[in-house]
Amino acid sequence: MIEPLPDDGVVRKLWVGETDAYRDHLLRLDADSRVRRFGGGVSDDFIRGYAEAARGFGTVIHGFFIGETLRGCGELRMSSSPFTREAEAAFSIEKPWQSHGVGSVLLERTLLAARNRGVRSLCMHCLAENERMQQLARKFDADLHFDFGSVVGEVDPPRSTLMSVTREIMADGHAVTAAIFDAQSRLLRPA
Ligand SMILES: CC(C)(COP(=O)(O)OP(=O)(O)OC[C@H]1O[C@@H](n2cnc3c(N)ncnc32)[C@H](O)[C@@H]1OP(=O)(O)O)[C@@H](O)C(=O)NCCC(=O)NCCS
C-alpha cells in the first residue's frame, strides 16, 4: 500500500543524533494532539525526558520530514525482554499534516520494521475517543480491545521474509538518496 505524501514530504528512519528533532517535534504538537499521543496531559519536561529515552537500542523511529523539519513520527519500542517479542507503537503528526495519509504511511513502515525484527504482538494505546487512530489501525486489520476508556490495538505482523527485509532496505536506501539529493539542491539554490 503506497500513498502519496503531502507537500513533497519524505518518510525515513531517524538517524543517530536526531532525537533533538524528535523532541522538538513532540513539543510542537498542539494540546489536543499531545493528549492523544501520550494518553493524557504531559509537561514539556516529561517530553524532553521521553525523547531522551528514545536514544536507546530497541527503538526505531520513522519520521515524516518537510524539508529539514520533522513533522510526524511513528515510534516502535521493543519490549525490554528479548523473549516476549512484543513491542509498542505510537504515532504523532503535527496538526496541519493530519488527515493527509501520513499516519497510514508511518504505520505501514512501522509494521514492516516490527515484522523484520520478529515482533509477534504490537500494541498501540490510544484513547477511546480517538477515532482517527482506531480507523487507521483498522486499515491494517488490527483487532481492537476496549478496556477502561483506552484502546489497545493488537496487531500480529506476519513473519519476516526475504521480501519484507528487502522492502525495508530499499525504503532506507531510497530515503538516503532523497536526503542527499535534497541537500545538494539546497546548496545549488541561489541565496
Ligand atoms: C492519529 C494520527 C496518527 C493519524 O494519522 P493521520 O495522518 O492523521 O491519518 P491518515 O490521514 O493516514 O488517515 C487514517 C484514517 O483515519 C481516518 N480519518 C482521517 N481523518 C479523520 C478524522 N478527522 N476523523 C475520523 N477519522 C479520520 C480515515 O478513514 C483514514 O483512513 P482512509 O485513508 O482509509 O480514509 C494523527 O492524526 C495524529 O498524530 N494525531 C494526534 C496524536 C495521536 O492521536 N496519536 C495516536 C495515539 S498513539
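Calculation criteria
Residues numbered from 1 in each chain as written. Predicted model: local features only at pLDDT ≥ 70, side-chain atom pairs only at ≥ 80, totals over all residues. Heavy atoms only, no water. Phe/Tyr/Trp six-rings, centres within 6.5 Å; stacked < 30°, edge-to-face > 60°. Helix = DSSP H or I, 4+ residues; strand = E, 2+ residues; numbered from the N terminus. Buried < 20%, exposed > 50% of the residue type's maximum accessible area, 1.4 Å probe, protein only. Lys NZ or Arg CZ within 6 Å of the ring centre and 35° of its normal. Arc of directions from axis to C-beta. Pairing = 2+ DSSP bridges. Core = buried A, V, L, I, M, F, W, Y, C linked by side-chain atoms within 4.5 Å. Contact = heavy atoms within 4.5 Å. Near = heavy atom within 4 Å. Polar contact = N/O pair within 3.5 Å; in protein donor to acceptor, adjacent residues only side chain to side chain. Areas by Shrake-Rupley, 256 points an atom, 1.4 Å probe, with all protein chains shown as cover. 1 Å grid on protein atoms, 1.4 Å probe; cavity = no way out; pocket = protein on both sides within 12 Å on 5 of 7 lines; lining within 4 Å. Sits in = over half its atoms within 2 Å of the grid points. Nonpolar A, V, L, I, M, F, W, Y, C, P; charged D, E, K, R; others polar.

A. Seen up close, the packing of aromatic side chains. The final tally for this structure, using the stated rule, is 3 aromatic pairs. Each ring, one from F38 and one from Y50, has its centre 5.2 Å from the other, and the planes form 85°; the classification is edge-to-face. Pair noted here: F38 is in helix α2 (residues 31-38) and Y50 is in helix α3 (residues 44-53), with a separation of 12 residues, a long-range link. No difference in accessibility class separates F38 from Y50, as the two residues are buried. For the ring pair F46 and Y50, a centre distance of 6.2 Å and an interplane angle of 25° mean the geometry is stacked. One end of the pair is F46 and the other is Y50, both in helix α3 and 4 residues apart, which spans about a single turn. Looking at F46, the relative accessible area reads 40%, which means it is partly exposed. One aromatic cluster is present, built from ring pairs that chain together F38, F46 and Y50. Positioned over the ring face of F38 is R37, at 4.6 Å from the centre of the ring.

B. Unusual backbone geometry, seen in detail. Unlike most non-glycine residues, S99 shows phi in positive territory, near 65°. Mapping S99 onto the fold places it in the loop between β4 (86-93) and α4 (102-116).

C. Expanded view of α2. Among the residues making up α2, those that are buried are S33, R34, R37 and F38. Seen end-on, α2 carries its buried residues on one side only, within an arc spanning 115°.

D. Here's a closer look at the pairing of β4. Summarising burial for β4: 6 of the 8 residues are buried, a large majority. Across 7 bridges, strand β3 (residues 69-78) lies against β4 in antiparallel orientation. Note that in β4 the partner of R77 across the bridge is E88. Both β4 and strand β5 (residues 121-127) contribute to a ladder of 3 bridges, which runs parallel. Looking at the pairing, A87 lines up with L122 of β5.

E. Representation of the nonpolar core. Counting 24 residues, the largest nonpolar core has L76, F91, L106, L107, L122, M124 and M133 as its most contacted members. Secondary-structure elements contributing two or more residues to this core are β2 (59-66), β4, α4, β5 and α5 (131-139). Examining the composition of this core, we find that 7 residues originate from one element, α4, more than from any other. Once residues within four sequence positions are removed from consideration, L106 is found in contact with V11, H62, G63, F64, G72, C73, G74, F91 and I93.

F. Structural view of the site of the ligand. Taken together, the neighbourhood of the ligand is formed by 21 residues, with I93, S99, G103, S104 and N130 sitting nearest. Measuring from an oxygen atom of the ligand, one finds a backbone N or O atom of I93 at 2.7 Å. Burial of the ligand by the protein chains amounts to 76% of its free accessible area of 940 Å². Here the ligand is seated within the largest pocket. Grouping the constituent residues of the shell around the ligand by class yields 6 nonpolar, 11 polar and 4 charged.

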